[in-house]
Amino acid sequence: MLEAAIEGLQGVLTLQSLSMMLLGVFIGSLVGFLPGIGGPTTLAIMLPFVMVMKDPVPVIALLVGIDAVGNTASAFTSILISVPGSSGSQATILDGYPMAKRGEAARALSASFIASLIGGLIGPIILLASLPVLRPLVLAFGSPEFFVLTLWGLAMVGVLSGNAPVKGLMAGILGVLIATVGMDIKSGIERFAFGEPYLWDGISLIIVALGIFGVPECIDLASRKSSISEKHELGSGFKQGILDVFQNMWLTVRSSAIGIWVGFLPGLGSSVADWFAYAHAVQTEKNNRNFGRGDVRGVIAPEASNNAKEAGSYIPTLAFGIPGGTSTALILVAFTAVGINPGPEMLTTQLPFTFAIIWTLTISNIIAVALCMAFAKPIAKCCFFPFYTIVPLILVFVFIGAFAAHFNHYDLVALLIFSALGFMMRRHGWPRAPLLLGVVLGTKMELYLWLSYTRFGTEWLLRPGVIILFTLVLASVLYPVWQNLRRSGSDTAEAG
Amino acid sequence: MSRLKIENLLFTLFVAGVLAGAVQIAREWSIRASIIILVLGGIGLLLAVAQLVLDFRNLSSTKSAVALTMEAPALETSSRWGSCEVWVWILGFYGAIHVVGFPLAVPLFVFSYTKVYGGGWILASALAAMSWGFVYSLFDRLLHVPWPESLFSVMIS
């Protein structure tokens, strides 16, 4: 094992591999900073170039480098302009952006980078260590358990919308229904497409995210006619952000573990980890009333989680050849093309390649965080630019990001529709996070539910795993409601 | 009864209508295509009824809207007309993309917006040039993005 680890490290530390890794980190960071152009798009663009390469290690260095750092850099846009740079940084907006508006952008950024670093370091360590433990558990999960697991995620985010649990749950269901739009290949039925070919492929998650979050924030900023930050000072928050992470180390570790677990579950990956970690933080942390209003723990949890998730998604990819997400699916294609055969061999004959991946994940994260820390202050200063320099640029980013979904004129129409929906939701206090999560989970939920129904009829509801998970769903829904009722009861008693 | 509360009720009615419409349409489909819509849509409809009851009760209440834990605060009602102004700009940008195409609409929009709200000529021009340079270099030259045909290009061709 030690020999393989050294061999893997030697392969990564060659000039060619290091150059490729630096290139990957640079591209990954740039892509993370540009809303709408996600990691999968970049990996897809890179595939034709890497497939002609003979040595697998530089290919690992480049692609894993791109994949590992996208979520670190995407915190810039999530925190500074409330537009998620990648799907893994959506939850960061909820507290990161209010912090930026309060003049604490530097603190939020440094906290997010250090949390990302820790998540990015814990992930690779767990990657190998957890394989023998987690494998039997995942293999024991069937489609019924996966369905209830996704339902649990949706219910948690829905009810954690503070005092509006009904609206939160409805928003989540609306999101699932949006995910069903398009041609259902299995049944051949055109669902909610109304004869429009554009809708046959469904509605892009990027467009929904940009419309629901990007445009309403932009409208708010433009309406107030001020700069993004309501306080024109950076303060000394940069060091405080680093300290915040160490003061909340246990939360960082727990969030990283959630990220690894979500990444590990095949197909669940991508944009769910940050929401799960955020919901976990809100539910488990003391003094949680400031979540959603600029609590640094709301930045730490999703950022640690989304970076750790990347390592987690390599576990099923390497061990079983089942990609944990879109990015790992593309990397799997490249691996196969350059002679790496994902599967049990990755733990035997190809172990040095596995270590090369782990080293790349680790080193890429360190480089990316160092770069982001070095340039955080200059970029954070864009908070102080007057609104008329920021608003048009954000809108241009949002429009281009939406158009990049399918390069179709109707992408922009869809953006306008979801912007109007996001605007109305925000205006009337409807939580938008559950809607987005519903869109993310919708397709998987439908598949798991259908598989459960066809394989077990209604008997799947009686499976022990399902009963346990359903109990957790009910507890997640009812506990916050009970807490709210108790709180309002004590408020009434105090008032009396 | 405030205008915002009535708007709130109407928005809940709209969401309830969407859910009811989705369930109604899905009833015609096979179970394979409709299972998730019927199961979750049904639950959604029950929740919508509960929310409508809450909204009706809220109409006569003097309490203000509640704050949310996982959500940015609701938009201020005073910004209503300011919001309309921004919507005009957004729709204007969308219209410009149709008329002159993406590569020209981007600098045109950035320049106009910056200039109208107080930016100087140099700043507005620099931002417009920067945005055009970004769109042209990355999307046009590097990625060869197929921009949609504009009315302007159709007219001159």
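Bear in mind that the values here come from a model prediction, so they are computed numbers and not experimental data. Residue positions are given per chain, counting from 1 as you read along its sequence in written order. Chain A is the first chain written and ligand 1 is the first ligand written, with later ones labelled in order. pLDDT decides what is reported in this predicted model: residues at 70 or higher carry local features, side-chain atom pairs at 80 or more are listed and counted, and totals for whole chains, interfaces and linings draw on all residues regardless. Heavy atoms throughout the structure, all of them, feed into the side-chain values; hydrogens and water do not.

(A) Summary view of the overall build of chain A. Each helix corresponds to a stretch of at least 4 residues labelled H or I by DSSP, and each strand to a stretch of at least 2 residues labelled E; elements are numbered beginning at the N terminus. For chain A, the helix and strand inventory stands at 21 helices and two strands. Note on classification: 1.4 Å probe, protein chains only; a residue is buried when its accessible area is under 20% of the maximum for its type, exposed when over 50%, partly exposed between these limits. Counting the 496 residues in chain A, one finds 65% classified as buried. What makes two residues a contact is simply this: any of their non-hydrogen atoms within 4.5 Å. Of the contacts made within chain A by residues no fewer than 6 positions apart, 78% connect residues no fewer than 24 positions apart. In this description, accessible areas are obtained by the Shrake-Rupley approach with a 1.4 Å probe, and a residue is regarded as covered only by the protein chains that are shown. Looking at chain A as shown, the accessible area adds up to about 17,600 Å², and 68% of this sits on carbon and sulfur atoms.

(B) Seen up close, the nonpolar core. In these notes, a set of buried Ala, Val, Leu, Ile, Met, Phe, Trp, Tyr and Cys residues joined through side-chain atoms within 4.5 Å is what counts as a nonpolar core. Of all hydrophobic cores here, the largest spans 201 residues; its most connected members are Phe399 and Leu435 of chain A. Residues lining this core come from more than one domain, with at least three contributed by each of domain 1 (3-60) and domain 2 (82-156) of chain B. Discounting residues that sit within four places of it in the chain, Phe399 of chain A has contacts with Leu412, Leu415 and Leu416 of chain A together with Ile90, Phe93, Tyr94, Ile97 and Phe102 of chain B. Start and end points for every domain follow an automatic or database-based domain assignment.

(C) Broad picture of the interface of chain B and chain A. In this complex, chain B contributes 75 residues to the contact, which on the side of chain A involves 80 residues. Summed over both partners, the accessible surface that disappears when two parts come together, traced with a 1.4 Å probe, is what is meant by buried area. Of the roughly 7,100 Å² buried where chain B meets chain A, counting both sides, 79% is carbon and sulfur surface. Think of a salt bridge as a Lys or Arg side-chain nitrogen and an Asp or Glu carboxyl oxygen that are within 4 Å of each other. Taken together, the connections running from chain B to chain A amount to one salt bridge. Residue Glu7 of chain B is joined to Arg427 of chain A by a salt bridge in which the shortest nitrogen-to-oxygen separation is 2.9 Å. Polar contacts, as used here, are pairs of N or O atoms within 3.5 Å; protein pairs need one atom able to donate a hydrogen and one able to accept it. Residues neighboring in sequence count only if both atoms are side-chain atoms. The tally of links between chain B and chain A comes to five residue pairs in polar contact (both at pLDDT 80 or more). When contributions to the side of chain B that touches chain A are tallied by element, the ones reaching two or more residues are α1 (3-26), α2 (31-60), α3 (80-100), α4 (102-116) and α5 (121-142) of chain B. Following the grouping adopted for this structure description, the nonpolar residues are Ala, Val, Leu, Ile, Met, Phe, Trp, Tyr, Cys and Pro, the charged ones are Asp, Glu, Lys and Arg, and the polar ones are all others, Gly among them. In terms of residue class, the side of chain B that touches chain A is built from 52 nonpolar, 16 polar and seven charged.

(D) Structural view of the state of the cysteines. A pair of cysteine sulfur atoms is labelled a disulfide when the two atoms are within 2.5 Å. Evaluated as defined, the whole model comprises zero disulfides over all chains. Cys218 of chain A provides the cysteine sulfur closest to Cys84 of chain B, a residue in no disulfide bond, and the two sulfurs are 16 Å apart. The exposure class assigned to Cys84 of chain B is partly exposed, which follows from its relative accessible area of 34%.

(E) Region of interest: a nonpolar patch on the surface. Residues and elements named next belong to chain B. The patches reported here contain residues having more than 30% relative accessible area and no salt bridge. Joining distances are 9 Å for like charges and 5 Å for nonpolar side chains (Val, Leu, Ile, Met, Phe, Trp, Tyr). On the surface, a nonpolar cluster with roughly 470 Å² of combined accessible area is contributed by Leu104, Phe152, Met155 and Ile156. With three residues, the top contributor of residues to the nonpolar patch is helix α6 (residues 151-156). With respect to the helices and strands, Ile156 occurs in helix α6. Exposure remark for Ile156: the relative accessible area of 63% places this residue in the exposed category.

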